[in-house]
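# Structural overview
Chain residues, written in single-letter form:
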Amino acid sequence: DEVPVAARIVNYGVRGRRGNIVQVYPSVEYDFVPANLAVTYGDYVHFQWTGSDANANGNDGNGKQGTDRSNLVQIPSRGITKPMK
């Protein structure tokens, strides 16, 4: 299928790196851009982010030390953070 010419396409990016604000300076802790994304049925979301398999050991965060990975999970709303089926 092709994207309709008149479709609304929204770029949604992830910036930053693993660690707290002091550890990642001059970068930032992970953050989404835009911070608040509003889409409606029929909109297209283009996700853009980068990551690294290498990160300084000892930086705060979840997961295996020395890694820096991301994933996405669909949730029904901001107030309900249990993933959708």
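Residues numbered from 1 in each chain as written. Predicted model: local features only at pLDDT ≥ 70, side-chain atom pairs only at ≥ 80, totals over all residues. Heavy atoms only, no water.

A word on a nonpolar patch on the surface. Together, F32, V39, V45, F47, W49 and L72 make up a nonpolar patch on the protein surface, roughly 500 Å² of accessible area in all. Counting residues per element, the nonpolar patch draws most heavily on strand β3 (residues 44–49), which supplies 3 residues. Its location among the elements puts F32 in strand β2 (residues 31–33). Residue classification places F32 among the partly exposed positions, given a relative accessible area of 36%. (Patch = residues over 30% accessible without salt bridge, like charges linked within 9 Å, V, L, I, M, F, W, Y side chains within 5 Å. Areas by Shrake-Rupley, 256 points an atom, 1.4 Å probe, with all protein chains shown as cover. Salt bridge = Lys/Arg side-chain N within 4 Å of Asp/Glu carboxyl O. Helix = DSSP H or I, 4+ residues; strand = E, 2+ residues; numbered from the N terminus. Buried < 20%, exposed > 50% of the residue type's maximum accessible area, 1.4 Å probe, protein only.)

Here the focus is the packing of aromatic side chains. Enumeration according to the criterion identifies 2 aromatic pairs in this entry. Centroid distance Y12 to F32: 5.2 Å. Interplanar angle 5°. Geometry classified as stacked. Residue Y12 is found in strand β1 (residues 9–15), and its partner F32 is found in strand β2; the two are separated by 20 residues along the sequence. Its relative accessible area of 13% is what places Y12 among the buried residues. Measuring from ring centre to ring centre gives 5.9 Å for Y12 and F47, while their planes differ by 70°; the resulting arrangement is edge-to-face. With Y12 in strand β1 and F47 in strand β3, this residue pair connects regions lying 35 residues apart in the sequence. Relative accessible area serves as the criterion here: at 40%, F47 is assigned to the partly exposed category. In textbook terms, an aromatic cluster arises when at least three aromatic residues are bridged by ring pairs, as seen for Y12, F32 and F47. (Phe/Tyr/Trp six-rings, centres within 6.5 Å; stacked < 30°, edge-to-face > 60°.)

Turning our eyes to something else, we now look at the sheet that holds β2. Taken in spatial order, the 3 strands make up an open sheet running β2-β1-β3, and their pairing is mixed. The sheet is open, and its two edges are formed by β2 and β3, each paired on a single side. Adjacent strand axes in the sheet meet at a mean angle of 25° when their direction is disregarded. Where β1 meets β2, 3 bridges bridge the pair, whose relative direction is antiparallel. Bridging from a neighbouring strand, G13 pairs with V33 of β2. (Pairing = 2+ DSSP bridges. Axes fitted to C-alpha atoms, helices over the stretch in contact; angles between N-to-C directions.)

Moving on, we come to the pattern of salt bridges. For the structure shown, the criterion picks out 2 salt bridges. Between R8 and D43 there is a salt bridge whose closest N-O contact spans 2.7 Å. In this pair, R8 sits in the segment before β1 while D43 sits in the loop between β2 and β3, placing the two residues 35 residues apart along the sequence. Taking the shortest distance from any N to any O, the salt bridge between R15 and D31 comes out at 3.0 Å. Of this pair, R15 sits in strand β1 while D31 is found in strand β2, placing the two residues 16 residues apart along the sequence.

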